[in-house]
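# Overview (structure and organization)
Here is how the chains run, residue by residue.
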Amino acid sequence: MRVLVAGGAGFIGSHLCEALLAQGHQVIAIDNFITGNIHNIAHLIGHSYFEFHEHDIIEPLKIESGPVDAIFHLASPASPVGYSRHPIETHLVNSVGTHNLLKMALLDKAKFLITSTSEAYGDPLVHPQREDYWGNVNPVGPRSCYDESKRFSESLTMEYVRQFGLNARIVRLFNTYGPRNDPQDGRVVPNFIMQALNGHDLTIYGTGMQTRSFCYVSDLVAGLLKAMHTEGTAGEVINLGNPDERTITNFAQVVANIVNPDVEIVYLPGRVDDPNRRCPDITKARTLLNWEPKVSLEEGIRLTAEYFRELINKPLDNIELLAS
Ligand code: NAD
Ligand code: UDP
């Protein structure tokens, strides 16, 4: 198959490109590097089945090498720091950018998968979050450029399913981590691991009683592939994430125990509109896709810390390694 990955130079996108190549697909990756990094795909450049285009999907796109059979849409800033730095671009990539990819999918008769987010549930009032929960989103707060534009992209995708019969599915990803996490994007996993490796205090925002559920990237990519290719997923919305819910204080203790037991944990002011609890109900993914995560948090943190340790010893040209 010829498979297009928008956001292919990002954290998850680069792992997805690798997995698709390993399955024997031809991969066309697109990225404008707004939050991605060429280092994530440097090892794939030159692979005979890999094609890369530096392109902003807000602009119309045409792939000269011919039509594609499937489109994975991962292009969007994803971390609170990333989308706060680029709020307008976030709105546009999830609206105009999504529309450009939907039009391309229709023209090429390609299957389509869009990566939405647990942020579509906002600060949820229902736990764990099932796909039929409509969410609790602040439409004008600092996170709204992400939450609301992802909700718009879901709605637009469903119109293409309803009006044109497009073979499309929506996948809501919960917090995902692993090697190639950007050490500067401010997410809790890279922050805590880099802080621990550098011997700095681990910085908890707020009480530390807020929860997240962390999914290792290889599990997530396996879920994306199943969501695209399993019969009966067209028109469906599916949560992908690890239901192992942890408080942020517990998560800090896990990182400290594994990476550097000598570091202290400090408490700083909380973030505005920080969701209080987040945990996926993955019943649908389990039954429809026969998928569930396999990598434990402890194992995933070990693997991710190894990556960051190597990065500190052998820094990439354009990534600075001073954790906050
Ligand atoms: P990332 O920032 O590493 O990857 C996103 C990629 O999209 C980057 O390489 C970026 O440069 C590219 N991009 C952004 N705007 C673009 C545009 N206009 N044109 C072309 N490329 C563009 O983030 P990630 O963590 O790999 O996330 C991938 C997708 O998964 C995103 O859509 C995100 O919203 C979604 N998601 C991620 C998580 C997570 O925990 N990582 C959770 C929920 C949803
Ligand atoms: N967080 C924290 N310290 C940090 C970074 C994040 O306590 O150095 C908290 C943040 O306030 C949130 C959780 O960790 O409650 C997850 O934050 P992240 O930015 O990783 O992603 P989010 O799930 O909020 O999109």
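Because the structure is a prediction, the values reported are computed rather than measured.

Per the UniProt record, "domain: NAD(P)-binding" (unreviewed entry) is annotated on residues 4-303. Taken end to end, residues 4-303 comprises 37% helix and 18% strand; its first and last C-alpha atoms sit 28 Å apart.

Ordered in space as 3-2-1-4-5-6-11, the seven strands form an open sheet in which the pairing is parallel. On the outer flanks of this sheet lie strand 3 (50-54) and strand 11 (237-240), each paired with one strand and no other. Ignoring which end each strand starts from, the neighbouring axes of this sheet average 20° apart. In terms of strand pairing, strand 5 (residues 111-117) meets strand 6 (residues 168-173) through six bridges, oriented parallel. In the sheet register, L113 faces strand 6, and the bridge partner there is R169. Strands strand 1 (2-6), strand 2 (26-31), strand 3, strand 4 (70-73) and strand 6 of the sheet are contacted by helix 1 (residues 11-22), whose axis makes an angle of about 170° with strand 1.

Around ligand 1, the structure places 29 residues, and the nearest of them are D31, T35, D56, Y146 and R187. Taking T176, its main chain carries an N or O atom lying 2.8 Å from an oxygen atom of ligand 1. Between ligand 1 and R187, the relevant distance is 2.7 Å, taken from a nitrogen atom to a side-chain nitrogen or oxygen of the residue. Expressed as a share of its isolated accessible area of 820 Å², the protein-covered part of ligand 1 is 96%.

So, about the side chain of N239. Residue position: N239 is located in strand 11. Of note is the side chain of N239, whose polar atom sits 2.9 Å from the backbone oxygen of Q129.

In this structure the tally under the stated criterion is ten aromatic pairs. On the basis of an interplanar angle of 10° and a centroid distance of 4.4 Å, the ring pair of Y83 and Y146 is categorised as stacked. With Y83 in helix 2 (residues 80-85) and Y146 in helix 4 (residues 144-164), the pair connects residues that are 63 residues apart, well separated along the chain. Note on accessibility: Y83 and Y146 belong to one class, buried. By way of ring pairs, the aromatic residues Y177, F192, F214, Y216 and F251 are connected into one cluster.

For ligand 2, the set of nearby residues contains 18 residues, the closest of which are V188, T203, R212, R271 and D274. At 2.9 Å from an oxygen atom of ligand 2 is found a side-chain nitrogen or oxygen belonging to N191. Summarising the interface, the protein chains cover 97% of the accessible area of ligand 2, which totals 520 Å² for the free molecule. Looking at the shell around ligand 2 residue by residue, the class counts come to six nonpolar, five polar and seven charged.

Next up on the list: the side chain of R172. Topologically, R172 is positioned in strand 6. The class for R172 is buried, based on a relative accessible area of 9%. Side chain to side chain, R172 and Y121 meet in a polar contact 2.8 Å long. Those residues in contact with R172, other than ones at most four positions away along the chain, are S116, T117, S118, A120, Y121, E131, E154, V237, I238, N239 and L240.

Their axes nearest at 8 Å, the elements helix 3 (residues 87-108) and helix 4 cross at an angle of 15°. Viewed along their axes, helix 3 and helix 4 adopt a mutual orientation that is roughly parallel. Relative to helix 4, helix 3 is oriented so that their crossing is right-handed. The segment helix 3 lies against helix 4, with P87, T90, H91, N94, S95, T98, H99, L102, K103 and L106 engaging S144, C145, Y146, S149, K150, F152, S153, L156, T157, Y160 and F164. Each residue belonging to the contact of helix 3 with helix 4 can be placed in one class, and the counts come to nine nonpolar, ten polar and two charged.

Moving on, we come to the packing of helix 1 against helix 6 (residues 217-229). Running from N to C, helix 1 and helix 6 point in directions that differ by 65°, and their axes come no closer than 10 Å. The element helix 1 and its partner helix 6 pack so that their crossing is right-handed. From helix 1, F11, I12, H15, L16, A19 and L20 reach across to helix 6, where they touch V217, L220, V221, L224 and L225. Residues belonging to the contact of helix 1 with helix 6 are distributed by class as follows: ten nonpolar, one polar and no charged.

It is worth spelling out the environment of E51 at this point. When you line up the elements, E51 lands in strand 3. Taking relative accessible area as the criterion, E51 reaches 22% and is therefore assigned partly exposed. Separated by 25 residues in the primary sequence, E51 and Q26 have C-alpha atoms spaced 8.1 Å apart. If near-sequence neighbours (up to four positions away) are discounted, E51 is found in contact with R2, V27, I28, A29, I63 and S65. In terms of polar contacts, E51 uses its side chain to reach the side chain of H53, at 2.8 Å. A distance of 3.0 Å separates polar atoms of two side chains, one belonging to E51 and the other to S65.

The rules we used
- Residues numbered from 1 in each chain as written.
- Chains lettered and ligands numbered in written order.
- Predicted model: local features only at pLDDT ≥ 70, side-chain atom pairs only at ≥ 80, totals over all residues.
- Heavy atoms only, no water.
- UniProt positions renumbered as here; feature names shortened; annotations may be inferred.
- Helix = DSSP H or I, 4+ residues; strand = E, 2+ residues; numbered from the N terminus.
- Pairing = 2+ DSSP bridges.
- Axes fitted to C-alpha atoms, helices over the stretch in contact; angles between N-to-C directions.
- Contact = heavy atoms within 4.5 Å.
- Near = heavy atom within 4 Å.
- Polar contact = N/O pair within 3.5 Å; in protein donor to acceptor, adjacent residues only side chain to side chain.
- Areas by Shrake-Rupley, 256 points an atom, 1.4 Å probe, with all protein chains shown as cover.
- Phe/Tyr/Trp six-rings, centres within 6.5 Å; stacked < 30°, edge-to-face > 60°.
- Buried < 20%, exposed > 50% of the residue type's maximum accessible area, 1.4 Å probe, protein only.
- Nonpolar A, V, L, I, M, F, W, Y, C, P; charged D, E, K, R; others polar.
- Parallel < 35°, antiparallel > 145°, perpendicular 65-115°, else oblique.
- Left-handed = near helix turned anticlockwise from the far one by under 90°.

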